[in-house]
Amino acid sequence: MTVTQTTGTYRDRIMQAHEIAVTLPTVRMDDPVSKAVQLMIVKRLPGLVVVDDADRPVAVLPGTQVLRLLIPQSYRDDPALVRIVDEIHADLFWHGPGNLTVGDCMPNPVPKAATVAPDATLLEVATAMANKRSPLIAVIDDSGRLMGGVTLERLLTSLAIAGPND
């Protein structure tokens with residue numbers, strides 16, 4: 001997508017990932033799941049980037065996966081069991097996942113993080129999101145360190161502003 005503005009700042013240039021990336025809070029594998037849930041709620045994020053000690057993305061944790069972390073495996077495996085739980089007892093699931101960490105709840109093996117380079121075009125970002133089925137893409141520098149992230153909402157907004165004729 002090219003963006004044309006009257007100021008000429010982006011005139012005849014292709015928009016890149018680093019231009020629409022935002023600073024994101026991150027979690028680590030040993031962080032409590034409750035921290036991940038709180039960050040997503042407070043920051044209104046569609047997911048979180050899980051990083052290692054060097055701030056390199058290890059995984060992108062979509063909100064649906066975080067929701068999955070709150071529901072015990074036995075209930076996910078048996079929809080009939082879910083139907084017999086009343087609201088009072090169902091509320092207990094939302095009061096905290098106990099001592100679980102983000103790492104405890106990640107699939108094994110952990111899927112590779114959805115990432116793009118800072119100079120990726122919006123089409124490349126969109127393609128990575130679609131292929132990874134992730135509402136969040138980590139933008140990484142040459143050393144693999146997290147620079148920021150592009151949310152689905154931010155990407156769609158940027159595409160809408162650029163317009164179909166650009």
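Below is a summary of the structure that appears in this document.

Thresholds, definitions, all that
- Residues numbered from 1 in each chain as written.
- Predicted model: local features only at pLDDT ≥ 70, side-chain atom pairs only at ≥ 80, totals over all residues.
- Heavy atoms only, no water.
- Helix = DSSP H or I, 4+ residues; strand = E, 2+ residues; numbered from the N terminus.
- Buried < 20%, exposed > 50% of the residue type's maximum accessible area, 1.4 Å probe, protein only.
- Contact = heavy atoms within 4.5 Å.
- Areas by Shrake-Rupley, 256 points an atom, 1.4 Å probe, with all protein chains shown as cover.
- Salt bridge = Lys/Arg side-chain N within 4 Å of Asp/Glu carboxyl O.
- Arc of directions from axis to C-beta.
- Polar contact = N/O pair within 3.5 Å; in protein donor to acceptor, adjacent residues only side chain to side chain.
- Pairing = 2+ DSSP bridges.
- Axes fitted to C-alpha atoms, helices over the stretch in contact; angles between N-to-C directions.

A closer look at the overall build of the protein chain
Per the secondary structure count, the protein chain includes 9 helices and 8 strands. Relative to its full complement of 166 residues, the protein chain shows a buried share of 37%. In the protein chain, once contacts between residues fewer than 6 apart in sequence are set aside, the share between residues at least 24 apart is 54%. Entry remark: accessible area of the protein chain is about 10,000 Å², with carbon and sulfur atoms responsible for 54%.

Concerning the pattern of salt bridges
Evaluated as defined, the whole model comprises 4 salt bridges. In this structure, Asp53 engages Arg28 in a salt bridge whose closest nitrogen and oxygen atoms are separated by 3.9 Å. Pair noted here: Asp53 is in the loop between strand S4 (47-51) and strand S5 (57-62) and Arg28 is in the loop between strand S3 (26-27) and helix H2 (33-43), with a separation of 25 residues, a long-range link. Judged by its relative accessible area of 26%, Arg28 is partly exposed. Through salt bridges that share partners, Arg28, Asp53, Asp55 and Arg145 make up one connected network.

Section: unusual backbone geometry
Here the phi dihedral of Arg44 falls at roughly 55 degrees; this positive angle occurs in a residue that is not glycine. In this fold, Arg44 is placed in the loop between H2 and S4. Residue Asp55 is not a glycine yet carries a positive backbone phi of 60 degrees.

Some remarks on helix H3 (residues 63-70)
Turning to H3, its buried residues are Gly63, Gln65, Val66, Leu69 and Leu70. All buried residues of H3 project into a common sector of 160 degrees when viewed along the axis, lining one side. Buried residues along H3 sit in contact with H2, S4, S5 and helix H7 (102-105).

Observations concerning the side chain of Thr151
Here Thr151 is to be found in strand S8 (residues 146-151). Here Arg154 takes part through its backbone nitrogen, which lies 3.1 Å from a polar atom of the side chain of Thr151. Contact partners of Thr151, with chain neighbours within four places excluded, come to Pro46, Met129, Pro135 and Leu136.

Points about the sheet that holds S3
Spatial ordering of the open sheet is given by S3-S4-S5, a layout of 3 strands whose pairing is mixed. The open sheet has two edge strands, S3 and S5, and neither has a second partner. As judged from the 2 bridges shared by S3 and S4, these two strands associate in the parallel manner. Each residue of the ladder has a partner; that of Thr26, found in S4, is Val49. Set on the sheet, H3 makes contact with S4 and S5; between it and S5 the angle comes to about 75 degrees.

Focus on the pairing of S5
Burial of S5 is extensive: 5 of the 6 residues sit out of reach of the surface. One ladder, built from 5 bridges, connects S4 with S5; its direction is antiparallel. Within S5, the residue paired with Gly47 across the bridge is Pro62. Two successive antiparallel strands, S4 and S5, enclose a turn made up of 5 residues, where Asp55 displays a positive phi of approximately 60 degrees.

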